[in-house]
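# Breakdown of the fold
Below are the chains, spelled out letter by letter.
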Amino acid sequence: MANMIVDNAKVMSKGQITIPKEIREQLGIGTGDRVTLICEDNQVVMMNAAVYAMRMLQDGMKDEAEKSGLETDEDIDALVREVRKEVEGL
């Protein structure tokens, strides 16, 4: 596993932990940022919440371009030009 970090954190009385600095840096999270925790069986995966949301959006949109008849970059460019024309014409 590339970039694997193994560390420990102590659980405080309110169930809080401090995420080690090296892990915060690797996840790109800072003060005030949100994280997503995914618990499956006996392990928890923690992700930057913004990254998790983007992955869910990408998974949800998978294959939608093909269903819409957008198969090439040229098809997408043509659609963008068409939409811009409509918006500018309003």
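For the structure, check the block above.
On a predicted model such as this, the values are computed, not experimentally measured, just so you know. (Residues numbered from 1 in each chain as written. Predicted model: local features only at pLDDT ≥ 70, side-chain atom pairs only at ≥ 80, totals over all residues. Heavy atoms only, no water.)

### Description of the overall build of the protein
Across its full length, the protein carries four helices and two strands. Going residue by residue from the N terminus, the α and β elements of the protein occur as α-β-β-α-α-α. Taken over C-alpha atoms, the radius of gyration comes to 21 Å for the protein, far larger than the 12 Å a tight globule of 90 residues would show. Each principal axis of the C-alpha atoms in the protein carries an extent, and together these give about 60 × 30 × 25 Å. Taken across its 90 residues, the protein has 9% of its residues classed as buried. Relative to all contacts within the protein whose residues are 6 or more apart in sequence, the contacts with residues 24 or more apart total 2%. Total accessible area on the protein is roughly 8,400 Å²; 51% of this is exposed by carbon and sulfur atoms. Taken as two groups, the 11 positive and 18 negative side-chain charges of the protein have centres that lie 11 Å from each other. (Helix = DSSP H or I, 4+ residues; strand = E, 2+ residues; numbered from the N terminus. Rg over C-alpha atoms; globule rule 2.2 N^0.38 Å. Buried < 20%, exposed > 50% of the residue type's maximum accessible area, 1.4 Å probe, protein only. Contact = heavy atoms within 4.5 Å. Areas by Shrake-Rupley, 256 points an atom, 1.4 Å probe, with all protein chains shown as cover. Lys, Arg positive; Asp, Glu negative; His and termini not counted. Charge placed at Lys NZ, Arg CZ, Asp CG, Glu CD.)

### Section: a nonpolar patch on the surface
On the surface, Val-35, Leu-37 and Val-44 cluster together into a nonpolar patch covering about 270 Å² of accessible area. Within the secondary structure layout, Val-44 lies in strand β2 (residues 43-48). (Patch = residues over 30% accessible without salt bridge, like charges linked within 9 Å, V, L, I, M, F, W, Y side chains within 5 Å. Salt bridge = Lys/Arg side-chain N within 4 Å of Asp/Glu carboxyl O.)

### Comments concerning the pattern of salt bridges
Inspection of every chain in the model, using the stated rule, returns two salt bridges. One salt bridge in this structure joins Lys-21 and Glu-25, with 3.8 Å as the shortest N-O distance. Of the two residues, Lys-21 and Glu-25 both sit in helix α1 (residues 21-27), four residues apart, roughly one turn of that helix. A residue is classified by how much of its surface remains accessible, and Lys-21, at 54% relative accessible area, is exposed. What makes Glu-25 exposed here is its relative accessible area of 52%. With a shortest N-O distance of 3.3 Å, Glu-64 and Lys-67 are connected by a salt bridge. Taken together, the residues Glu-64 and Lys-67, both in helix α3 (residues 64-67) and three residues apart, mark about one turn of the helix. Judged by its relative accessible area of 29%, Glu-64 is partly exposed. For Lys-67, a relative accessible area of 63% puts it in the exposed group.

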